[in-house]
Amino acid sequence: MDWLKLRLFRWLELGTEGYAIHTRRRLIVINVLITFVSALSIFYAIFFAIYDINTFKLPIIFMIVMAALFLRTPMLHNQGRYYGDLYNLTVWLIYGGILVHLFGSNSGIHYFFLGGAAGAILIFNLSRNGVSVFSFLSQMLIFFYAEVYRIAPRDAYALPQNFEYTMFILNILFLLVFHYCLISYAVYLSKTAETSLTKECEYSNRLLENMMPPLISNALKSDPCKTIAKRHNDATIIFAKIAGFEHVYDTKTPKESVELLTRIFSEFDRIAQAHGLEKIKTDGAIFMAGAGFPLPMKEHAKNVALVALEMRDVVEKFATESDVDISLQCGVHSGPVVAGVIGTHKPFYDVWGDTVNLAARLETNAKPNHIQVSDSTRQLLTDRFSFQKRGRVTLKGKGKVEIWYLIDRIT
Ligand SMILES: Nc1ncnc2c1ncn2[C@@H]1O[C@H](COP(=O)(O)OP(=O)(O)OP(=O)(O)O)[C@@H](O)[C@H]1O
């Protein structure tokens, strides 16, 4: 059974290789149609042969020849994307026209032109394409002509009334099957398109949600061109570097090094998330995050300080476990920031301003295994954390800045 199915699918896709997906679909529908019409022709050839082979010798030969001509259509797809359509349409108009002429309107054969016109709508979407319009109009014309003028059968092929009636019923049944196939295919196409659209949409939403806070990603989803930039007066920024990580690359394999960094940063992510911080980015062995944006946070400095202390413990744990000489080197500063989204291609949420610059400077200026905070951050935390004064230090571009080491929380 599977073998037969595979053969059938292969046959239906014949001549469609190499075309764009929408053209392939159209050509596959044509292959389905010609297979259906050829099978029907052979069925009728056998039907007439059983009924009276001598009288219907010519129509029987005609039907077999036409079935063979229809089956040639896939070979023409290779010549050009409309060759198969034109060839198939020409064969069908001649074939169907002659059959109506031979067996008359009462046989119901002309209803196949109605089905063909509906097929043209499905195949071409009735675009302004000449083949599409010609296919639809010519078939509708033949149908109305046969229906209005009630064409009589050729004398030699006039069938007894009950036979003619059987043929009519059979044709209507076949037409129903034909329409069922067409509609099922149309439904299948729209379902496939809908599913892939939903998948794409979910994927890009997930990407956007991973790249920026939900508040921002929702704003971008509703208006992708919106400029997102906002000043937040009470924020705290942390730059956390894994000092000594550059030597890990010398002692461990690239895979081991990247795996270790990923595990550490995953822990950082978890800690930051648990304290409501917004992760901004990682750059090499530096993890940057903050609090107080995009939504205000009353305890922004406290939460960042807690995160810094937990990060220090995490790095210590990994250093022991993996036997590497790494430690946390951190800079924290509180003040106003501007947060927003840069770019429309690969957009990302970022923060800027002097507060960010100073936090970065505090990190680069820190010694390994030290969390340096500015005086403004310390003032927000005095009663809950312990500090050690480092003193006034000159930082590049900032002049003399009072710096403190964050030691621990006061329990
Ligand atoms: N949004 C941000 N993301 C990452 N780093 C940042 C961000 N904003 C500022 N920085 C970093 O803060 C540091 C200080 O910035 P500042 O503007 O004071 O000086 P700069 O002249 O840009 O610094 P540098 O001379 O180190 O390039 C810089 O190293 C910069 O990379």
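Residues numbered from 1 in each chain as written. Predicted model: local features only at pLDDT ≥ 70, side-chain atom pairs only at ≥ 80, totals over all residues. Heavy atoms only, no water.

## Structural notes on the UniProt feature "transmembrane region" (unreviewed entry) in the protein
Okay, step 1: Under the UniProt annotation, the feature "transmembrane region" (unreviewed entry) is placed at residues 27-50, 56-74, 86-103, 109-126, 133-152 and 167-189.
Okay, step 2: Taken end to end, residues 56-74 is 84% helix and 0% strand, and its first and last C-alpha atoms sit 29 Å apart.
Okay, step 3: Annotation note: span residues 86-103, helix share 100%, strand share 0%, distance between end C-alpha atoms 26 Å. (UniProt positions renumbered as here; feature names shortened; annotations may be inferred. Helix = DSSP H or I, 4+ residues; strand = E, 2+ residues; numbered from the N terminus.)

## Notes on the nonpolar core
Okay, step 1: Judged by nonpolar contacts, the single largest core of 49 residues is most densely connected at Y44, F48, M63, Y95 and F103.
Okay, step 2: Broken down by secondary-structure element, the contributors of at least two residues to this core are α2 (21-52), α3 (57-70), α5 (83-103), α6 (111-124), α7 (130-149) and α8 (161-211).
Okay, step 3: In terms of residue count, α2 provides more of this core than any other element does, eleven residues in total.
Okay, step 4: Those residues in contact with F48 that sit more than four places away from it in its chain are I53, F56, I60, M63, F103, L159, F163 and M167.
Okay, step 5: Among the nonpolar cores identified, the runner-up in size contains 42 residues, and V248, I264, F385 and W404 belong to it. (Core = buried A, V, L, I, M, F, W, Y, C linked by side-chain atoms within 4.5 Å. Buried < 20%, exposed > 50% of the residue type's maximum accessible area, 1.4 Å probe, protein only. Contact = heavy atoms within 4.5 Å.)

## A short note on the site of the ligand
Okay, step 1: In the neighbourhood of the ligand, the contacting residues comprise F239, K281, M288, D350, V351, V356, N357, A360, R361, K396 and K398.
Okay, step 2: Contact distances for the ligand include 3.3 Å between an oxygen atom and a side-chain N or O atom of N357.
Okay, step 3: Measuring from an oxygen atom of the ligand, one finds a side-chain N or O atom of K398 at 3.4 Å.
Okay, step 4: Protein chains shield 53% of the accessible area of the ligand, which is 600 Å² for the free molecule.
Okay, step 5: For the shell around the ligand, the elements supplying multiple residues, two or more each, are β5 (348-352) and α13 (354-365).
Okay, step 6: Sorting elements by how many residues they give to the shell around the ligand places α13 first, with four residues.
Okay, step 7: Counted by class, the shell around the ligand contains five nonpolar, one polar and five charged residues. (Near = heavy atom within 4 Å. Polar contact = N/O pair within 3.5 Å; in protein donor to acceptor, adjacent residues only side chain to side chain. Areas by Shrake-Rupley, 256 points an atom, 1.4 Å probe, with all protein chains shown as cover. Nonpolar A, V, L, I, M, F, W, Y, C, P; charged D, E, K, R; others polar.)

## Concerning the packing of aromatic side chains
Each pair of aromatic rings is reported with the distance of its centres and the angle of its planes.
Okay, step 1: Applying the stated rule across the entire model yields 29 aromatic pairs.
Okay, step 2: The interplanar angle of 35 degrees and the centroid separation of 4.0 Å between the aromatic rings of Y51 and F163 together place this pair among those described as tilted. Residue Y51 is found in helix α2, and its partner F163 is found in helix α8; the two are separated by 112 residues along the sequence.
Okay, step 3: Centre to centre, the rings of F62 and Y95 are 5.4 Å apart; their planes meet at 55 degrees, and the pair counts as tilted. In this pair, F62 is assigned in helix α3 and Y95 in helix α5, connecting sequence segments 33 residues apart.
Okay, step 4: The class of Y95 is buried, set by a relative accessible area of 3%.
Okay, step 5: Through successive ring pairs, a cluster of aromatic residues spans F43, Y44, F47, F48, Y51, F56, F103, Y157, F163 and F174.
Okay, step 6: Lying over the aromatic face of F318, K317 brings its terminal NZ or CZ to 4.9 Å of the ring centre. (Phe/Tyr/Trp six-rings, centres within 6.5 Å; stacked < 30°, edge-to-face > 60°. Lys NZ or Arg CZ within 6 Å of the ring centre and 35° of its normal.)

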